[in-house]
Amino acid sequence: MAHMGVEPDRIQLSWVSSAESNKFVEVVKDVTASIKALGPNRNFVKTLAKVA
Amino acid sequence: MTGYIEKIREIAARLLTDGTVEMVIGFRKGTVPMMNEPFFVKNPLEVATLVWDSNCGINLANYLTDRKEKIAVLAKGCDSRNIVTHIIENKIKREQLYIIGVPCKGMIDRQRIAGRVDGEILKVVEAEERVVVSGRGFEKTFDKADVLQANCRLCIHRNPVLYDELAAELVSEQQDVDRYVEERRIEAMDVQQRWAYFDELLASCIRCYACRNACPLCYCPTCFVDESRPQWVGKSIDPIDTRTFHFLRAYHCAGRCTDCGACERACPVGINMRVFTKKLEKDCLELYGWEAGMSLDQRPPLDTYKVDDPEIFIK
């Protein structure tokens, strides 16, 4: 996706086992922080008026 | 390549007469020049309609999905790799198929030719490495090498990888082809430039889905773009809906695309569709050493796990 111009941090992939609660919390915090840093995704806003 | 015709007709007639197959899938002349169309021969008397020249770019693997009868199919290098993919994905059984391998020297790009002449092309004659195009008041000769489809120019698998019989001698493969020039150019851009690059690429897309229909990998009974409950992607021609469609279509081809060029060939507005799938193809090759459709014995990287699979993208 980064190749096609989506900001690299916008999509993240992680592997968390159901037993890894601490890692899960860490991942959620990290992702939230990096996405907030990027700000709203203006690329994916529709520009055409909605019809019907 | 036109010399293959007699041999192809002879094989087709033999297979249909002796009952080896119920149907032969090949090509016949289209109604306009440079537009050969797939032809399903069931009657041995019809084999004379079969043709072969440099306008047989359509990927015939597309017509094998879920067929039940015994079929003989003509297969260029790319077709044969897609047939392998079909067999691996259980869309047809190997036993049902009699594959007539057709070593290929590349298909010509009709849009490229049409762009270089003034007026309507009425007749196209091929002789060895030349293509003579004529219409009302003009005649022009092209070197075939100059008017090849973009993917054929970069092709390194011209010979079929799987066949029961060959229609001609194997051809020599192109050596030292740098397949990923454009991909490296895009990789060198920053994120905004890439976004702009793909914006421009897709600006003329009318979402006719010809690329999807021509692609032998796209065989889902209901495509995600046609679903309305739930609706995965907007159906408008808003640029972002169009782009989402192309993103998803490309991803569905990951590890499966053979760069046969069917999507690009089918595109009525001439979008270089392969830019999407080529990057995935490049990654598959670099990360997993995988080229789609080369062998029946190897599982694709996306449905196997190996201990040494790269995981740089997992955080």
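Residues numbered from 1 in each chain as written. Chains lettered and ligands numbered in written order. Predicted model: local features only at pLDDT ≥ 70, side-chain atom pairs only at ≥ 80, totals over all residues. Heavy atoms only, no water.

J.: What is the right way to look at the packing of helix α6 (residues 191-202) of chain B against helix α8 (residues 239-252) of chain B in this model?
T.: The relative placement of two packed helices is expressed as an angle between their axes plus a distance between the axes. Residues and elements named next belong to chain B. Direction vectors running N to C along α6 and α8 enclose 100°, while the axes themselves pass 11 Å from each other. The angle between α6 and α8 places the two elements in the roughly perpendicular class. Seen from α6, the contacting residues are Trp195, Phe198, Asp199 and Leu202; seen from α8, they are Ile240, Arg243 and His246. The class makeup of the residues in the contact of α6 with α8 is 4 nonpolar, 1 polar and 2 charged. (Axes fitted to C-alpha atoms, helices over the stretch in contact; angles between N-to-C directions. Helix = DSSP H or I, 4+ residues; strand = E, 2+ residues; numbered from the N terminus. Parallel < 35°, antiparallel > 145°, perpendicular 65-115°, else oblique. Contact = heavy atoms within 4.5 Å. Nonpolar A, V, L, I, M, F, W, Y, C, P; charged D, E, K, R; others polar.)

J.: What's the story with the interface of chain B and chain A in this structure? I'm lost.
T.: Note on interface size: it is often stated as the accessible area lost on association of the parts. Contacts between chain B and chain A engage 22 residues on the former and 20 residues on the latter. Summed over both partners, the interface of chain B with chain A comes to about 1,900 Å²; 65% of that surface belongs to carbon and sulfur atoms. When the area that chain B buries against chain A is broken down by residue, the three leading residues are Trp195, Phe247 and Lys315 of chain B, summing to 31%. Counting across the interface, chain B meets chain A through 1 salt bridge. Applying the counting rule to chain B against chain A returns 2 residue pairs in polar contact (both at pLDDT 80 or more). Of all the secondary structure elements, the ones that give two or more residues to the side of chain B that touches chain A are α5 (181-187), α6, α8 and α10 (274-288) of chain B. By residue number, the principal contributor to the side of chain B that touches chain A is α8 of chain B, which donates 7 residues. Looking at side-chain class alone, the side of chain B that touches chain A contains 12 nonpolar, 2 polar and 8 charged residues. (Buried area = accessible area lost by both parts, 1.4 Å probe. Salt bridge = Lys/Arg side-chain N within 4 Å of Asp/Glu carboxyl O. Polar contact = N/O pair within 3.5 Å; in protein donor to acceptor, adjacent residues only side chain to side chain.)

J.: Explanation requested: the sheet that holds strand β6 (residues 121-127) of chain B in the structure shown.
T.: Sheets are built from strands paired through backbone hydrogen bonds, the pairs being either parallel or antiparallel. Residue and element names in this part refer to chain B. The antiparallel open sheet is built from 3 strands, whose spatial order is β6-β7-β8. Sheet topology places β6 and β8 (138-143) at the edges, where each strand pairs with a single neighbour. Each strand axis lies, on average, 20° off the axis of its neighbour in the sheet, ignoring direction. Bridge count for strand β7 (residues 130-135) against β8 is 6 bridges, and the pairing is antiparallel. What sits directly across from Ser134, in β8, is Glu139. (Pairing = 2+ DSSP bridges.)

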